[in-house]
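One letter stands for each residue in the lines below.
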Amino acid sequence: MFDLTVMPQTQSNYPGGSKKRVTRAGAAMRDGTATEEDLRVIDEWRAAHRGVLNTFQAILRNRTKGTGIAVAQRHKRKRTIFDKLQRFSQMQLARMDDVAGCRLIFQRMKDLYEFRSAFHEARFKHQRRNELDKYDYIKQPKDTGYRGVHDVYEYDVNSEVGKSLAGLYVEIQYRTLVQHAWATAVEVIGFVTESQPKFQQGDGRYEKAMALASEILARAHESAKGTYPDLSDRDLVKDFLAMDRELHLLRMLRGLNASDKAVSAKRNAILIMSATGELEVKMFREAPDALRALFELEKEMPDRDIVLVRADTSDEVRIAFRNYFSDARDFIKLIEDGCAKLTQPRGGRHASGKATRKWVK
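Residues numbered from 1 in each chain as written. Predicted model: local features only at pLDDT ≥ 70, side-chain atom pairs only at ≥ 80, totals over all residues. Heavy atoms only, no water.

Student: Any chance you could break down the overall build of the protein for me, citing the residues and the numbers?
Tutor: In terms of helices and strands, the protein carries 13 helices and 8 strands. Of the contacts made within the protein by residues no fewer than 6 positions apart, 69% connect residues no fewer than 24 positions apart. Accessible surface, the protein: about 17200 Å² in total, of which carbon and sulfur atoms supply 46%. (Helix = DSSP H or I, 4+ residues; strand = E, 2+ residues; numbered from the N terminus. Contact = heavy atoms within 4.5 Å. Areas by Shrake-Rupley, 256 points an atom, 1.4 Å probe, with all protein chains shown as cover.)

What follows is the structure, given as structure tokens:
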């Protein structure tokens, strides 16, 4: 269990003092009137989510052992929390349900839904807070093209240590490899351009191109539909390639070199993205040490994108957080093969994708 002495706690059981106190601190941050005490409250509340993350990752790892399902966790970045408060003016910080997040990546949608269904039957006190289909963005993709499934759980245990965490939320993300490749590419675009298609900010052409790309991946690789269900296969590919010619999107993604920074066997990694897109990785064996360093780095570099992630192996870090390594290779290959598949004559053999590569160079 995470050592909550990393951040000073009040006498109240709830991190930060109370849900009302956390919400007031978030509102002050949104309004630009936050005091040092407000920042301390937010840091204490945010740090406490580490214990929730550790609990749920242990549960998920036990259930995925030997299955080939990738599992990782991430602590929401402070800057991302503040950005979300700005984007959603009515959001209460204490009710933000994705500060703690666990991500599972599956080979196929069938595996995803089977695992999720079984997990819903798990015998523990933690309560799922959402209805079954509320955050099913595979059945109802977002306008941006995002596909995946989310569940939100409220932490609840009887132990003395765990009582202080009761009422905190954790989000579980379920994605297939195909969906994850798309989401990774969207994150990379956000790093290397001034646009944020994930949040519908900046140049809208990136958002449209990635929504079209999501539709291509859904049809070609998962026999599903996305945000453009009425477009024919050929028109879909034609529209995407037209956007790609404007933006040179695939050329840009190909030109990014995956970081050669070594991620060691230590389980806690702080990933720091520079303004030029370069990645720095700091490794820590113990979670409390990593969290202390995270808060210090955020104070020293408030304009940098800094995230603390945890996974059991270096491969899992790279798979689950490839966006931080500027690694969109899977997305590029899936798009090329998808375009070829959707434009080949009906009944023909599966194309290799070579023809499509000529079109999108």
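On we go from here.
Student: Explain the environment of R108 to me, using residue names and the numbers behind them.
Tutor: Mapping R108 onto the fold places it in the loop between β2 (100–106) and α4 (109–119). Considering only alpha carbons, one finds R108 and V178, 70 residues apart in sequence, at a separation of 8.5 Å.

Student: Which residues make up helix α1 (residues 19–31), and what are the values?
Tutor: Over its 13 residues, α1 runs 18 Å from end to end, which matches the ideal 18 Å to within 8%, given 1.5 Å per residue. When α1 is considered as a whole, its buried residues turn out to be R21, V22, T23, A25, G26, A28, M29 and R30. Where the residues of α1 are buried, they touch α2 (36–64) and α3 (78–87). After α1 finishes, the residue G32 shows a positive phi value of roughly 80°. (Expected span 1.5 Å × (residues − 1). Buried < 20%, exposed > 50% of the residue type's maximum accessible area, 1.4 Å probe, protein only.)

Student: Explain the pattern of salt bridges residue by residue, including any values.
Tutor: Considering all chains together, one arrives at 23 salt bridges under this definition. Put simply, R21 and D38 hold a salt bridge, and the shortest N to O gap is 2.8 Å. In this pair, R21 is assigned in helix α1 and D38 in helix α2, connecting sequence segments 17 residues apart. Like D38, R21 is buried. For D133, the salt bridge goes to K139, with nearest N and O atoms at 3.3 Å. Taking the relative accessible area as the measure of exposure, D133 reaches 43% and is therefore partly exposed. (Salt bridge = Lys/Arg side-chain N within 4 Å of Asp/Glu carboxyl O.)

Student: A description of the packing of aromatic side chains should follow, citing residues and the corresponding values.
Tutor: Per the stated rule, a full pass over the model turns up 11 aromatic pairs. Centroid distance F56 to Y153: 5.7 Å. Interplanar angle 50°. Geometry classified as tilted. Of the two residues, F56 is situated in helix α2 and Y153 in strand β4 (residues 149–154); the sequence distance between them amounts to 97 residues. By relative accessible area, which is 0% here, F56 ends up buried. (Phe/Tyr/Trp six-rings, centres within 6.5 Å; stacked < 30°, edge-to-face > 60°.)

Student: Account for the pairing of β2, naming residues and giving values.
Tutor: Among the 7 residues that make up β2, 7 are buried, leaving the element largely enclosed by the rest of the structure. Burial along β2 is two-sided: A100, C102, L104 and F106 facing one way and G101, R103 and I105 facing the other are all buried. Across 6 bridges, strand β1 (residues 70–75) lies against β2 in antiparallel orientation. Opposite V71, over in β2, you have L104 as the bridge partner. (Pairing = 2+ DSSP bridges.)

Student: Report on the nonpolar core, specifying residues and quantitative values.
Tutor: Residues L104 and Y174 are the most contacted members of the largest nonpolar core, which totals 41 residues. The set of elements that each furnish at least two residues to this core consists of α1, α2, α3, β2, α4, β4 and β5 (169–176). A total of 8 residues in this core trace back to one element, the largest contributor, which is α2. With near-sequence residues (within four places) excluded, Y174 lies in contact with L104, F106, L112, F115, R116, F119, G148, V149, D151 and Q179. (Core = buried A, V, L, I, M, F, W, Y, C linked by side-chain atoms within 4.5 Å.)

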